[in-house]
Amino acid sequence: MEIFKHIAPLKAFLQSKKQQGNSIGLVPTMGALHNGHLSLIKASKLQNDVTVCSIFVNPTQFNNAGDLNNYPRTLDKDIAALEKVECDVIFSPEVSEIYPQPASIKFDFGQLDKVMEGKFRPGHFSGVALVVSKFFNIVEPDHAYFGQKDWQQFAIIRQMVDELKFNLVLHSEPTSRESDGLAMSSRNLRLSAEQRAHATVFHQALLTARQELIKGTAIETVKNKVKEIVEKKPEVKLEYIEVADSKNLNLLENVTASDQPILCIAGYVGEIRLIDNMFIH
Ligand code: AMP
């Protein structure tokens with residue numbers, strides 16, 4: 001496994017691999033890797049000759065300095081985990097390599113970044129789009145892999161790839177979960193044992209909501225029920241529960257208004273903010 005901290009040697013290495021006819025898969029991450037991230041590496045390895053995992057805690061996508069400072073950083077463990085799944089290349093640059101000068105470009109994705117995560121984390125998706133476009137330009141992958149767990153992020157990157165004509169194929173991989181249903185997340189590392197036990201309520205609420213929506217219960221009624229289920233747990237606070245069209249992220253008042261509706265939830269357990277989602281069909 002090759003580990004690069006700088007852009008120039010990484011590009012030279014990948015260039016020679018491409019000249020030998022090898023395809024390149026990219027998995028962008030912020031590290032503190034868990035099995036969800038590793039499932040993306042495995043998906044890339046099935047379809048590409050060379051898999052690159054980037055590990056970079058991107059400051060421009062944090063709208064909360066405390067969250068950025070407290071974000072878990074476990075590079076040595078990450079390297080060991082990537083070695084085990086036979087990832088080919090790690091790119092783990094310093095902030096100064098990716099942002100030699102302060103960022104000036106801002107992205108606006110219209111409706112896609114005005115709802116849900118975009119509404120509650122202003123500027124977040126502009127930072128995500130900026131760093132992902134930098135990584136696409138640095139690595140020039142044939143394929144790039146993202147998790148369904150961050151569905152809104154995937155919808156936005158898909159729009160960016162389409163509009164900016166990035167020459168690559170995007171893939172969305174299923175959410176990996178713990179045995180009790182909690183979506184794997186690097187932020188789960190920050191939960192106390194008690195908080196960890198309560199955190200599973202987001203997944204339970206999604207399952208209940210999905211069942212109710214399939215039965216024909218009105219969205220507003222379902223949202224109220226979700227709030228009740230979630231906030232029964234100590235330390236848990238609901239930020240939003242929405243039903244959206246999974247393509248354009250228009251918020252729905254009626255599930256039949258979309259052929260692929262998705263339920264998206266976000267909330268806090270103590271100070272830790274968690275998200276999850278589930279397709280209805
Ligand atoms: P992050 O390190 O949180 O920025 O995530 C890096 C990539 O891993 C993103 O494409 C995420 O959507 C994906 N990811 C995060 N958690 C999971 C999970 N539980 N299952 C599958 N993919 C995930």
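Heads up: these notes are all about the structure in this document. (Residues numbered from 1 in each chain as written. Predicted model: local features only at pLDDT ≥ 70, side-chain atom pairs only at ≥ 80, totals over all residues. Heavy atoms only, no water.)

1. So, the pattern of salt bridges
Next up, step 1: Applying the stated rule across the entire model yields 15 salt bridges.
Next up, step 2: When the shortest N-O distance is used, the salt bridge between Arg 273 and Glu 117 registers 2.7 Å. Here Glu 117 lies in helix 6 (residues 116-120) and Arg 273 lies in strand 9 (residues 272-279), a separation of 156 residues in the sequence. This pair shows no difference in class: Arg 273 is buried, exactly as Glu 117 is.
Next up, step 3: Where salt bridges share partners, they join Asp 67, Arg 121, Arg 187 and Arg 190 into one cluster. (Salt bridge = Lys/Arg side-chain N within 4 Å of Asp/Glu carboxyl O. Helix = DSSP H or I, 4+ residues; strand = E, 2+ residues; numbered from the N terminus. Buried < 20%, exposed > 50% of the residue type's maximum accessible area, 1.4 Å probe, protein only.)

2. Focus: the environment of Leu 38
Next up, step 1: For Leu 38, the position within the fold is in helix 2 (residues 35-47).
Next up, step 2: For Leu 38, a relative accessible area of 9% puts it in the buried group.
Next up, step 3: Considered as a pair, Leu 38 and Ser 176 are 138 residues apart in the sequence and their alpha carbons are 9.6 Å apart.
Next up, step 4: In contact with Leu 38, not counting residues within four places along its chain, are Ala 81, Leu 82 and Val 85. (Contact = heavy atoms within 4.5 Å.)

3. Digging into unusual backbone geometry
Next up, step 1: Unlike most non-glycine residues, Glu 140 shows phi in positive territory, near 45 degrees.
Next up, step 2: Inspection of the secondary structure assignment puts Glu 140 in the loop between helix 7 (124-139) and strand 5 (143-147).
Next up, step 3: Take Glu 140: its relative accessible area is 44%, and that puts it in the partly exposed class.

4. Concerning the sheet that holds strand 1 (residues 2-4)
Next up, step 1: Strand order in the open sheet formed by six strands is 1-4-3-2-5-6, with parallel pairing between adjacent strands. One side of each edge strand has no neighbouring strand; the edge strands of this open sheet are strand 1 and strand 6 (169-173). Adjacent strand axes in the sheet meet at a mean angle of 25 degrees when their direction is disregarded.
Next up, step 2: Across three bridges, strand 3 (residues 50-55) lies against strand 4 (residues 89-91) in parallel orientation. Each residue of the ladder has a partner; that of Val 52, found in strand 4, is Val 89. (Pairing = 2+ DSSP bridges. Axes fitted to C-alpha atoms, helices over the stretch in contact; angles between N-to-C directions.)

5. Overview of the packing of helix 1 (residues 7-19) against helix 7
Next up, step 1: Here helix 1 crosses helix 7 at 50 degrees, and the two axes come no closer than 9 Å. Comparing the axis directions of helix 1 and helix 7 gives the class oblique. Between helix 1 and helix 7, the contacting residues are Ile 7, Leu 10, Lys 11, Leu 14 and Lys 18 on the first element and Asn 137, Ile 138 and Val 139 on the second.
Next up, step 2: The class makeup of the residues in the contact of helix 1 with helix 7 is five nonpolar, one polar and two charged. (Parallel < 35°, antiparallel > 145°, perpendicular 65-115°, else oblique. Nonpolar A, V, L, I, M, F, W, Y, C, P; charged D, E, K, R; others polar.)

6. A short note on the packing of helix 7 against helix 8 (residues 151-164)
Next up, step 1: Taken N-terminus to C-terminus, the directions of helix 7 and helix 8 make an angle of 55 degrees; their axes are 10 Å apart at the nearest point. Put simply, helix 7 runs oblique to helix 8. As for the relative orientation of helix 7 and helix 8, their crossing is right-handed in sense. Contacts from Phe 125, Val 128, Ala 129, Val 132, Ser 133 and Phe 136 in helix 7 reach Gln 152, Gln 153, Ile 156, Ile 157, Met 160 and Val 161 in helix 8.
Next up, step 2: Among the residues forming the contact of helix 7 with helix 8, the class breakdown is nine nonpolar, three polar and no charged. (Left-handed = near helix turned anticlockwise from the far one by under 90°.)

7. Digging into the site of the ligand
Next up, step 1: Around the ligand, the surrounding shell holds 17 residues, and the nearest of these are Met 30, His 37, Asp 150, Ser 176 and Met 184.
Next up, step 2: Between Asp 150 and the ligand, the recorded distance is 2.6 Å, taken from a side-chain N or O atom to an oxygen atom.
Next up, step 3: Separating a nitrogen atom of the ligand from a backbone N or O atom of Met 184 is a distance of 2.9 Å.
Next up, step 4: Protein contact buries 93% of the 490 Å² of open area that the ligand shows by itself.
Next up, step 5: Among the elements of the structure, strand 2 (24-29), helix 2 and strand 5 are those that each provide at least two residues to the shell around the ligand.
Next up, step 6: It is helix 2 that provides the largest number of residues to the shell around the ligand, a total of three residues.
Next up, step 7: Considered class by class, the residues forming the shell around the ligand number seven nonpolar, eight polar and two charged. (Near = heavy atom within 4 Å. Polar contact = N/O pair within 3.5 Å; in protein donor to acceptor, adjacent residues only side chain to side chain. Areas by Shrake-Rupley, 256 points an atom, 1.4 Å probe, with all protein chains shown as cover.)

8. Side note on the sheet that holds strand 9
Next up, step 1: In space, the three strands of this open sheet follow the order 7-8-9, with antiparallel pairing throughout. Only two strands of the sheet have a single partner each, and these edge strands are strand 7 (236-245) and strand 9. The sheet shows a mean angle of 15 degrees between the axes of neighbouring strands, direction not considered.
Next up, step 2: One ladder, built from eight bridges, connects strand 8 (residues 261-269) with strand 9; its direction is antiparallel. Bridge assignment links Ile 262 to a residue of strand 9, and that residue is Phe 279.

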